[in-house]
Amino acid sequence: MKTFCGIDCCKDCNRLLECGGCEQCKGHPFGGSCVAERNKDFTSLRQLLIDEINDLGIEGLAVSDLNLLTGSYVNLSYPLANGFAVQFLKDDDIYLGNQVEQADSERCYGIVANEDFILVCEYGCNGSDPEIVLYKRR
């Protein structure tokens, strides 16, 4: 399937029937926005984000790749001190992200980023008990 960014992300997407692929939705899957379509030098942006994430100095967090992920897949609800929970992402947008298992722990780091922000969280099995580690505007 032909994509705007040159990455064949549609072949592995379990929501392909909903959006129809990059050509059909004109780079706006699910009605949202895609980080790859918005950035003409997408490969450079991805590497820049990897470098920035690795330079954050978070113990046990080392990223070698970032994947295109649908917001609905990674949009966790984070509990706040006031008892409310908040989501930071748009379910219909496509972000760059990855998961990194923490050594000697049952928890993982979750990373989500685009040209505007980097979000690092940690969570348990299947995204349980998420906690924000860092939210950084770029």
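Predicted model only: the values in this text are computed from it and were never measured. (Residues numbered from 1 in each chain as written. Predicted model: local features only at pLDDT ≥ 70, side-chain atom pairs only at ≥ 80, totals over all residues. Heavy atoms only, no water.)

Colleague: Which residues make up the sheet that holds strand 7 (residues 131-137), and what values do they have?
Modeller: If you walk across this open sheet you meet the five strands as 1-4-5-6-7, and the pairing is antiparallel. Edge positions in the open sheet fall to strand 1 (67-70) and strand 7, since each of these has one partner strand only. Averaged over all pairs of adjacent strands, the angle between their axes in this sheet comes to 30 degrees, without regard to strand direction. Two strands pair when backbone bridges link them, and strand 6 (residues 117-123) and strand 7 are joined in this way by six bridges, in the antiparallel orientation. Counterpart to phenylalanine 117 in the pairing with strand 7 is arginine 137. (Pairing = 2+ DSSP bridges. Helix = DSSP H or I, 4+ residues; strand = E, 2+ residues; numbered from the N terminus. Axes fitted to C-alpha atoms, helices over the stretch in contact; angles between N-to-C directions.)

Colleague: A description of the pairing of strand 4 (residues 94-101) should follow, citing residues and the corresponding values.
Modeller: Put simply, side chains in a regular strand alternate between the two faces of the sheet. Examined bridge by bridge, strand 1 and strand 4 share four bridges and lie antiparallel to one another. In the strand pairing of strand 4, leucine 68 is matched with leucine 96. Of the pairings in the sheet, the one linking strand 4 to strand 5 (residues 108-113) comprises six bridges and is antiparallel in character. Among the inter-strand pairings, glutamate 101 is bridged to a residue of strand 5, identified as cysteine 108.

Any functional reading would require information beyond the geometric quantities listed.
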